[in-house]
Amino acid sequence: MKEIIKQIEMRLSFFGYSKYKYLLPVVIVHPQFYFSSPAHKGRFKHAVDIAVPDPKEKRTVILSPIDGTIEALVMGNTKWGSTSEFRKYMNYVHIRIDNESHEFVELVHIDTYVDERGVKHPLRIGDKVKMGQPIAIAALNGWITADENKKPDSHVHMLVGEWLNQEHTDFRSLKIRWR
Ligand SMILES: [Zn+2]
């Protein structure tokens, strides 16, 4: 049985699909995906942008898409713009999946989770997170395009990746299998 599961996993990876199934990180009745981002090239090809309301107008809670451990994070940036030089201002969280050495997930354009009462719940590197747990809110930071009225194409960028080397410097994006 274990052997069969392993073979299926290898096949999913061969066809570029994620080994795990992920929870959509936002609770939105009719989620909309942007597929035309200029940022999704090369190794970022299968990243997805999930449209969220403009964070200046409405708070959107970001849920952990999987069980794992916070391996890297940047929060607190508030600069954003529609050209690639704004990429350095992006906030993100990188989640290492429990008992997994190849696949990982990243969420971008977020900030520290603030609950309904306005209390902040900052994440720290090494924190364990559970699928469905609020971990952040959607926010404007980094490279985000805007329409002709300067209204941001606000979205949460999600990437599931597979490390291609031991040093974890090279990866490829995977097609996300959703729960
Ligand atoms: Zn994106």
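Structure shown above.
Residues numbered from 1 in each chain as written. Predicted model: local features only at pLDDT ≥ 70, side-chain atom pairs only at ≥ 80, totals over all residues.

Observations concerning the overall build of the protein
Here is the rule we go by: The numbering of helices and of strands both runs from the N terminus, where a helix is a DSSP run of H or I of at least 4 residues and a strand a run of E of at least 2. Note that the radius of gyration is over C-alpha atoms, with the globule rule given as 2.2 Å times the number of residues to the power 0.38. We call two residues in contact whenever the C-beta atoms placed from their backbones are within 7 Å.
Tallying secondary structure elements over the protein gives 1 helix and 16 strands in all. Rg of the C-alpha trace for the protein: 16 Å, near the compact-globule value of 16 Å for 179 residues, within the 12% margin. Dimensions of the protein, computed from the C-alpha atoms along their principal axes, are close to 55 × 35 × 35 Å. Taking contacts inside the protein between residues at least 6 apart in sequence as the whole, the part at least 24 apart equals 70%.

Digging into the sheet that holds strand S10 (residues 120-121)
Either a parallel or an antiparallel arrangement is found when strands of a sheet pair, and the pairing is made through backbone hydrogen bonds. The line we're drawing: Between any two strands, pairing holds if DSSP finds at least two bridges.
Read across the sheet, 4 strands follow the order S4-S12-S9-S10 without closing on themselves; strand pairing throughout is antiparallel. Whereas interior strands pair on both sides, the edge strands pair on one side only; in this sheet they are strand S4 (61-63) and S10. Where strand S9 (residues 110-114) meets strand S12 (residues 134-138), 3 bridges bridge the pair, whose relative direction is antiparallel. Along S12, the bridge assignment pairs Thr 112 with Ala 136.

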